[in-house]
Amino acid sequence: MLHAALIGFPGSGKSTLFQLMTSVHEAPHGRGDVHLGISRVPDARLDTLTTMYNPRKRVPATIEFTDLVAPARTGAQALVDVAGDKNADALVHVVRAFRNPAVPHPSGMVDPARDARAMEDELILADLAVAERRLERLDKDVKKIKSAELEQERALVQRCRAALEHGRPLRALELTGDDRKRLRGFQFLSAKPLLLVINLDEADVAAVGGDIGRAAAHAGLADFLARAATGVVALCATIELEISELEANEATAFLADLGLAESGLDRVIRATYDLLGYISFFTVGEDECRAWSIARGTTAHAAAGEIHTDIQRGFIRAEVVPYDALVARGSMTACREHGEVRLEGKEYVVQDGDIINFRFAT
Ligand SMILES: Nc1nc2c(ncn2[C@@H]2O[C@H](COP(=O)(O)OP(=O)(O)O)[C@@H](O)[C@H]2O)c(=O)[nH]1
Ligand SMILES: [Mg+2]
């Protein structure tokens, strides 16, 4: 499952958001310091399909979030709850912009731009230590063993070290697929996609409304908007708490008053999903309408394996209809009549929103 870690300075609102965003909570797997929770990825397309098919079951895509329960560290590291979560696919940095004097800021003053940069520096420093340790080892190995792979890895890690020394996160590097594979084992923190969640003050939400450019400028974080593998979302956790207690139609009206189309929680979940480069395909029927998560570029054969290894093993063809065509025609049968159901083979690259029926031999 996709897995994102909430990180941020103590008192920035991580746990508040975590409680609101995740509904299914799992017991920590042998790690008492981390909470795991599961979020459903909001997707209006799945809502429409559910209305069309009225299935017994509706299954959205999901993301797992982790929240560090209590930072056990001291000194400079205690400022940052990096969640020790090296396995995360993405980092979600909750940056405090709300003032609330009842909640002391560990640095004494609320300054979102400083916090975003301080966190970036922490990630970079942690990665620099990893890169240097690896280079020491590689320098020794390269002297002993003649290996093109070792040479290539060394050149790559040197490139990483140089970027880090210049204060650049590794997610800004342009890397080939092979480079990415070489780096995977290091679990570099600054290489992970980063979502900044600006936790606004109650008093500022109406002023910035749904305008992320204005919200980022207000928090001094405008320069993060254009960065590689970086996303920015603004919300106010305490207002989200209020919204979560409203009936659905009241919540919609309340959001509209604030100039917003959807809740901040939904925006964070979806932005995380998008940032990871994940797309959804759907399976539909009277039994179940379901969204499946795959990385962009996944083939039909691999997508079949997401559903069941038997479907992958016995793969014959994928019957594919784009979401828009299905909604426009109103049914699979109508799509078939108009020749809009394509038969695709194993190598077909699944597109976001494809409705797929896998034909397979058992
Ligand atoms: N005024 C205000 N208080 C907030 C907001 N978000 C969180 N808080 C409060 O800040 C405190 C710390 O929040 P928490 O979620 O535990 O932060 P964490 O340490 O990052 O997990 C709690 O008392 C929250 O109620 C916000 O948007 N506005
Ligand atoms: Mg907390």
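Cut-off values and rules
- Residues numbered from 1 in each chain as written.
- Chains lettered and ligands numbered in written order.
- Predicted model: local features only at pLDDT ≥ 70, side-chain atom pairs only at ≥ 80, totals over all residues.
- Heavy atoms only, no water.
- Helix = DSSP H or I, 4+ residues; strand = E, 2+ residues; numbered from the N terminus.
- Buried < 20%, exposed > 50% of the residue type's maximum accessible area, 1.4 Å probe, protein only.
- Lys, Arg positive; Asp, Glu negative; His and termini not counted.
- Salt bridge = Lys/Arg side-chain N within 4 Å of Asp/Glu carboxyl O.
- Contact = heavy atoms within 4.5 Å.
- Near = heavy atom within 4 Å.
- Polar contact = N/O pair within 3.5 Å; in protein donor to acceptor, adjacent residues only side chain to side chain.
- Areas by Shrake-Rupley, 256 points an atom, 1.4 Å probe, with all protein chains shown as cover.
- Nonpolar A, V, L, I, M, F, W, Y, C, P; charged D, E, K, R; others polar.
- Phe/Tyr/Trp six-rings, centres within 6.5 Å; stacked < 30°, edge-to-face > 60°.
- Lys NZ or Arg CZ within 6 Å of the ring centre and 35° of its normal.
- Domains from an automatic or database assignment.
- Buried area = accessible area lost by both parts, 1.4 Å probe.
- 1 Å grid on protein atoms, 1.4 Å probe; cavity = no way out; pocket = protein on both sides within 12 Å on 5 of 7 lines; lining within 4 Å.
- Points joined across faces, edges and corners; volume = space filled by probe spheres on them.
- Pairing = 2+ DSSP bridges.

## Considering the side chain of E240
One can find E240 in helix α8 (residues 237–244). Within the buried set, E240 has no salt-bridge partner at all; the shortest N-O distance to an opposite charge, 4.4 Å, is to R267. Apart from residues no more than four positions distant in its own chain, E240 is found in contact with L20, L235, S263, G264, L265 and R267.

## Digging into the site of ligand 1
Surrounding ligand 1, one finds 17 residues, the nearest of these being G11, K14, S15, T16 and E202. One of the side-chain N or O atoms of N199 is found 3.0 Å from an oxygen atom in ligand 1. Here an oxygen atom of ligand 1 sits 3.3 Å away from a polar atom, N or O, in the main chain of A237. Bound to the protein, ligand 1 loses 76% of the 580 Å² it would expose on its own. Only α1 (14–21) and α8 provide two or more residues apiece to the shell around ligand 1. Grouping the amino acids of the shell around ligand 1 by side-chain chemistry returns seven nonpolar, eight polar and two charged.

## Some words on the packing of aromatic side chains
Throughout the structure, instances matching the rule amount to six aromatic pairs. Relative to F358, the ring of F281 has its centre 6.2 Å away and its plane inclined at 85°; by these criteria the two rings are edge-to-face. You can see F281 sitting in strand β9 (residues 278–283) and its partner F358 sitting in strand β13 (residues 354–360), a full 77 residues away along the chain. Look at F281 and you get buried, because its relative accessible area is 0%. Take F358: its relative accessible area is 9%, and that puts it in the buried class. Here the aromatic rings of F282 and Y323 are separated by 6.5 Å at their centres, their planes lie at 45°, and the arrangement is tilted. Of this pair, F282 sits in strand β9 while Y323 sits in helix α13 (residues 323–329), and the two are 41 residues apart along the sequence. The pair F282 / Y323 is uniform in exposure class, with both members buried. When the ring centre of F224 is taken as origin, the NZ or CZ atom of R227, which lies over that ring, is 3.9 Å away.

## As for the domain arrangement of the protein chain
By domain assignment, the protein chain separates into domain 1 (3–110 + 192–275), domain 2 (121–190) and domain 3 (297–360). Counting residues at the interface gives six residues for domain 1 and nine residues for domain 3. Together, the buried faces of domain 1 and domain 3 total about 540 Å²; carbon and sulfur atoms form 66% of this surface. Together, R45, L49 and M52 form the three largest contributors to the area buried by domain 1 at its contact with domain 3, with a combined 75%. Where domain 1 packs against domain 3, one counts one salt bridge. The salt bridge partner of R45 is D352, with a shortest N-O separation of 3.3 Å. Scanning the region where domain 1 abuts domain 3 turns up two residue pairs in polar contact (both at pLDDT 80 or more). A class-by-class count of the residues in the side of domain 1 that touches domain 3 yields four nonpolar, one polar and one charged.

## Here we look at the layout of surface pockets
Reported here for the largest pocket is a volume of approximately 790 Å³. What lines the largest pocket is a set of 22 residues, and nearest its centre among them are D89, R180, R184, A191 and P193. Considering only residue class, the lining of the largest pocket consists of 13 nonpolar, three polar and six charged. There are two domains that each give the lining of the largest pocket at least three residues, and those are domain 1 (3–110 + 192–275) and domain 2 (121–190). By volume, the second largest pocket is sized at about 400 Å³. Forming the walls of the second largest pocket are 19 residues, and the residues nearest its centre are L20, S263, L265, D266 and I269. Going through the elements one at a time, α1, β3 (34–40), α8, α9 (248–257) and α10 (264–275) are the ones with two or more residues in the lining of the second largest pocket. The residue makeup of the lining of the second largest pocket, split by class, is nine nonpolar, six polar and four charged.

## Some points on the pattern of salt bridges
Summed over the entire model, instances satisfying the criterion amount to 26 salt bridges. D179 is the salt-bridge partner of R182, the closest N and O atoms lying 3.2 Å from each other. With R182 and D179 both in helix α5 (residues 177–184), this residue pair falls three residues apart, about one helical turn. Looking at D179, the relative accessible area reads 12%, which means it is buried. Between R290 and E288 there is a salt bridge whose closest N-O contact spans 3.9 Å. Residue classification places R290 among the partly exposed residues on the basis of a relative accessible area of 25%.

## Focus on the pairing of β9
Taken across its six residues, β9 has five buried, putting it largely inside the fold. Pairing of β9 with strand β10 (residues 288–295), which is carried by six bridges, proceeds in the antiparallel orientation. Along β10, the bridge assignment pairs F282 with A291. A loop of four residues connects β9 with β10, the two strands running antiparallel in sequence.

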